[in-house]
Amino acid sequence: MKRLIIILITLYWLSVSGLADDPYLSRRKLMVDRHIAARGISDESVLKAMRKVPRHLMVSREFRSQAYADHPLPIGESQTISQPYVVALMTEALQLKPGDRVLEIGTGSGYQAAVLAEIVSEVYSIEIRKNLADSARKILTKLGYHNVEVKYGDGYYGWEAHAPFDAIIITAAANHIPPSLIKQLKDGGTLILPLGSTVYYQMLTLVTKKNEQITIRQMGSVRFVPMMGEVRKKK
Ligand code: SAH
């Protein structure tokens with residue numbers, strides 16, 4: 001009898017935790033070992049988050065089997081979910097702490113937001129395409145990420161109501177850094193974005209704000225879909 005109860009409790013826990021029906025768990029772990037840890041990402045909180053977030057549930061159904069390969073994938077509306085290694089690289093560069101409040105521009109599938117939500121206490125994410133904002137909000141809620149808030153709108157002006165942020169991540173290419181985002185960054189905070197031509201390649205750029213001074217570090221070239229809206233009218 002006692003044994004039966006233990007078995008029933010274990011089965012219940014497995015179904016509630018989603019582990020029982022996650023055939024992708026081993027692929028996800030392999031992806032992190034092979035494409036992320038092996039390529040120099042060492043922040044344990046980033047590795048742990050990426051071993052956990054079900055990327056296959058955040059891509060279109062027909063691409064599910066490719067969800068743990070190290071390349072970008074379509075998420076609808078001609079947009080893409082970033083390559084896992086780039087998600088890891090950008091997240092690690094922000095040097096996040098558990099109590100941090102982070103702003104993301106370009107929610108897309110919600111994958112990057114979920115990775116952030118595993119690491120920090122508050123995530124705010126803005127998406128300019130309504131369909132993507134709605135579906136990301138839905139999947140994030142379904143997966144239990146109650147510490148993420150998704151807003152439909154242009155991220156160019158940031159999210160004043162929740163500022164200042166410890167970190168800001170822009171996941172679409174821009175040819176300049178939106179001034180409001182610099183303003184909404186805490187002193188000592190960091191911002192990362194693909195900066196440069198929105199047609200070809202961009203330079204992954206890490207911006208640090210300290211005593212009203214901006215320091216810039218370039219981290220290699222990347223290719224992102226262009227940031228839309230106000231950013232294209234300025235400069
Ligand atoms: N971080 C996403 C992938 C981003 S793809 C993920 O994890 O899936 C880039 C996204 O930025 C697209 O969804 C695009 O619609 C959005 N975007 C482009 N310009 C934007 C803007 N000005 N404000 C907010 N979102 C924007």
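So, how was this worked out
- Residues numbered from 1 in each chain as written.
- Predicted model: local features only at pLDDT ≥ 70, side-chain atom pairs only at ≥ 80, totals over all residues.
- Heavy atoms only, no water.
- Helix = DSSP H or I, 4+ residues; strand = E, 2+ residues; numbered from the N terminus.
- Rg over C-alpha atoms; globule rule 2.2 N^0.38 Å.
- Buried < 20%, exposed > 50% of the residue type's maximum accessible area, 1.4 Å probe, protein only.
- Contact = heavy atoms within 4.5 Å.
- Near = heavy atom within 4 Å.
- Polar contact = N/O pair within 3.5 Å; in protein donor to acceptor, adjacent residues only side chain to side chain.
- Pairing = 2+ DSSP bridges.
- Axes fitted to C-alpha atoms, helices over the stretch in contact; angles between N-to-C directions.
- Parallel < 35°, antiparallel > 145°, perpendicular 65-115°, else oblique.
- Left-handed = near helix turned anticlockwise from the far one by under 90°.
- Nonpolar A, V, L, I, M, F, W, Y, C, P; charged D, E, K, R; others polar.
- Core = buried A, V, L, I, M, F, W, Y, C linked by side-chain atoms within 4.5 Å.
- Lys, Arg positive; Asp, Glu negative; His and termini not counted.
- Salt bridge = Lys/Arg side-chain N within 4 Å of Asp/Glu carboxyl O.

K.L.:
Just checking my understanding: could you explain the overall build of the protein for this structure?
P.N.:
Within the protein, the secondary structure is distributed over seven helices and nine strands. For the protein, whose C-alpha radius of gyration is 18 Å, the value lies close to the compact-globule estimate of 18 Å for 235 residues. Dimensions along the principal axes, computed over C-alpha positions, put the protein at roughly 70 × 35 × 35 Å. Taken over 235 residues, the protein has a buried fraction of 47%.

K.L.:
How should I be thinking about the side chain of T190 in this particular structure?
P.N.:
Within the secondary structure layout, T190 lies in strand β7 (residues 185-196). Judged by its relative accessible area of 11%, T190 falls in the buried class. Apart from the residues within four sequence positions on either side, T190 is in contact with L94, D166, A167, I168, L185, L206, V207 and T208.

K.L.:
Looking at this structure, I do not really get unusual backbone geometry. What am I missing?
P.N.:
What is expected of a backbone is that most residues other than glycine have negative phi and most peptide bonds are trans. Along the chain, A163 connects to P164 via a cis peptide bond; the corresponding omega equals 5°. Relative to the helices and strands, P164 is located in the loop between β5 (148-152) and β6 (165-170). Positive phi values are uncommon outside glycine, yet N211 reaches one of about 50°. Examined against the element boundaries, N211 turns out to sit in the loop between β8 (202-210) and β9 (213-222). Judged by relative accessible area, N211 falls into the exposed class, the value being 57%. The backbone of E212 shows a phi angle near 65°, a positive value even though the residue is not glycine. For E212, a relative accessible area of 66% corresponds to the exposed category.

K.L.:
Sorry if this is basic, but what is going on with the site of the ligand here?
P.N.:
Close to the ligand lie 26 residues; S109, E127, R129, G155 and M228 are nearest. At 2.7 Å, a side-chain N or O of R129 approaches an oxygen atom of the ligand. Residue M228 places a main-chain N or O atom 2.8 Å away from a nitrogen atom belonging to the ligand. Considering every element that reaches the shell around the ligand, the biggest residue donor is strand β2 (residues 79-81), with three residues.

K.L.:
Help me understand the environment of Y124 in this model?
P.N.:
Tracing the backbone shows Y124 in strand β4 (residues 122-127). Sequence separation of Y124 and Q66 is 58 residues, and the distance between their C-alpha atoms is 28 Å. With sequence-adjacent residues up to four places away left out, Y124 is seen in contact with R101, V102, L103, E104, E149, W159, H162 and F165.

K.L.:
Teacher, can you tell me more about the sheet that holds strand β3 (residues 101-105) here?
P.N.:
Through backbone hydrogen bonds, the strands of a sheet pair up, either in parallel or in antiparallel fashion. An order of β5-β4-β3-β6-β7-β8-β9 is seen for the seven strands of this open sheet, with the pairing classed as mixed. Every interior strand has two partners, whereas the edge strands, β5 and β9, have only one. Put simply, the sheet's adjacent strands are angled 15° from each other on average, direction ignored. As defined by bridge partners, β3 adjoins β4 across five bridges and the pair is classed as parallel.

K.L.:
Explain the packing of helix α3 (residues 44-52) against helix α5 (residues 111-119) to me, please; I cannot follow it from the model alone.
P.N.:
How two helices pack is summed up by the angle between their axes together with the distance between the axes. In the contact formed by α3 and α5, the axes pass within 9 Å of each other and the chain directions differ by 125°. Overall, the two elements α3 and α5 adopt an arrangement that is oblique. For the element pair α3 and α5, the recorded crossing hand is right-handed. Only Y111, V115, E118 and I119 of α5 make contact with α3, whose side of the interface consists of S45, V46, A49, M50 and K52. For the contact of α3 with α5, a count of residues per class yields six nonpolar, one polar and two charged.

K.L.:
Explain the nonpolar core to me, please; I cannot follow it from the model alone.
P.N.:
In globular proteins that are soluble, nonpolar side chains generally tend to be buried together. With 51 residues, the main nonpolar core has M50, Y111 and I192 as its most contacted residues. The next biggest cluster of nonpolar side chains, apart from the first, holds 20 residues, and it includes W159, L181, I182 and L193.

K.L.:
Help me out: how do you make sense of the environment of I5 in this one?
P.N.:
Mapped onto the elements, I5 comes out in helix α1 (residues 2-17). Sequence separation of I5 and Y68 is 63 residues, and the distance between their C-alpha atoms is 36 Å.

K.L.:
How do you make sense of the side chain of E92 when you look at a structure like this?
P.N.:
Here E92 is to be found in helix α4 (residues 84-93). For the buried E92, no salt bridge exists, and the shortest N-O distance to an oppositely charged side chain is 7.7 Å, to R217. Each residue touching E92, except ones within four places of it in the same chain, is listed here: G40, I41, S42, D43 and V46.

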